[in-house]
Amino acid sequence: KNQVEQSPQSLIILEGKNCTLQCNYTVSPFSNLRWYKQDTGRGPVSLTIMTFSENTKSNGRYTATLDADTKQSSLHITASQLSDSASYICVVSGAYGGSQGNLIFGKGTKLSVKP
Amino acid sequence: NAGVTQTPKFRVLKTGQSMTLLCAQDMNHEYMYWYRQDPGMGLRLIHYSVGEGTTAKGEVPDGYNVSRLKKQNFLLGLESAAPSQTSVYFCASTYGVIGNEQFFGPGTRLTVL
């Protein structure tokens, strides 16, 4: 069964610290992996999209890595800010996406950044 | 550009009532989607559309109907609301499917009593 598992479920860090969120998936065949940020009460916003041939992709203080062999991805946040407090969702797209793109959503990691 | 907008933002219904959620996008996207998000669960696809006049079922379509009469609008209907449909509903759109970003609306919080 195609699944996307994220860890940890929740995380609290101090402002200025770094953190890494994990995403493991069993989707096969694989097309691409996306990380979204969802602020409380808002819709998800895309941070990165990576295909199977990409190992790393950055978006400001956010760096996503992908290991397609082990089916693992991570999202590293550098020098965290209070505004980073949000849920981070890992989404994997199967290769035979069809019209609906076959997007499999993880449950998200809730990050809280404290002053 | 407003992106993806949803109306209403909040709604409380009684069991058995009906309502329609409206999604609009101004990015000329072909593909539009309706998701629901429940606590402790990932986003789940309800229905989707690959173009004006077309709709298809997603993962959890029961109890919902949709219509895409205009390219920019995607409507989600609940004919007879049930407490199990209490959720936050998100609309999304994208230009293509593979490798293209989905743009999400701000969500509609629906409570069914």
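So, here's what we can say about the structure. Everything numeric here is computed off the predicted structure, so don't read it as measured data. (Residues numbered from 1 in each chain as written. Chains lettered and ligands numbered in written order. Predicted model: local features only at pLDDT ≥ 70, side-chain atom pairs only at ≥ 80, totals over all residues. Heavy atoms only, no water.)

1. Points about the overall build of chain A
Each helix and strand counted, chain A has 0 helices and 11 strands in total. Taken from the N to the C terminus, the helices and strands of chain A come in the order β-β-β-β-β-β-β-β-β-β-β. Here the C-alpha atoms of chain A give a radius of gyration of 14 Å, agreeing with the 13 Å that 2.2 N^0.38 yields for 115 residues. Across its three principal axes, chain A shows a C-alpha extent of roughly 45 × 30 × 20 Å. Sequence-distant contacts in chain A: of pairs separated by 6 or more residues, those separated by 24 or more amount to 56%. For chain A, the accessible surface area stands at approximately 5600 Å², while carbon and sulfur atoms represent 48% of it. (Helix = DSSP H or I, 4+ residues; strand = E, 2+ residues; numbered from the N terminus. Rg over C-alpha atoms; globule rule 2.2 N^0.38 Å. Contact = heavy atoms within 4.5 Å. Areas by Shrake-Rupley, 256 points an atom, 1.4 Å probe, with all protein chains shown as cover.)

2. Some details on the pattern of salt bridges
Tallied over the entire structure, the rule returns 6 salt bridges over all chains. For Asp39(A), the salt bridge goes to Lys37(A), with nearest N and O atoms at 3.9 Å. Assessed through its relative accessible area of 15%, Lys37(A) is described here as buried. As a salt-bridge pair, Asp38(B) and Arg44(B) come within 2.8 Å of each other at their nearest N and O atoms. Given the relative accessible area of 11%, Asp38(B) is considered buried. Because the salt bridges share partners, they merge into one network encompassing Arg36(B), Asp38(B) and Arg44(B). (Salt bridge = Lys/Arg side-chain N within 4 Å of Asp/Glu carboxyl O. Buried < 20%, exposed > 50% of the residue type's maximum accessible area, 1.4 Å probe, protein only.)

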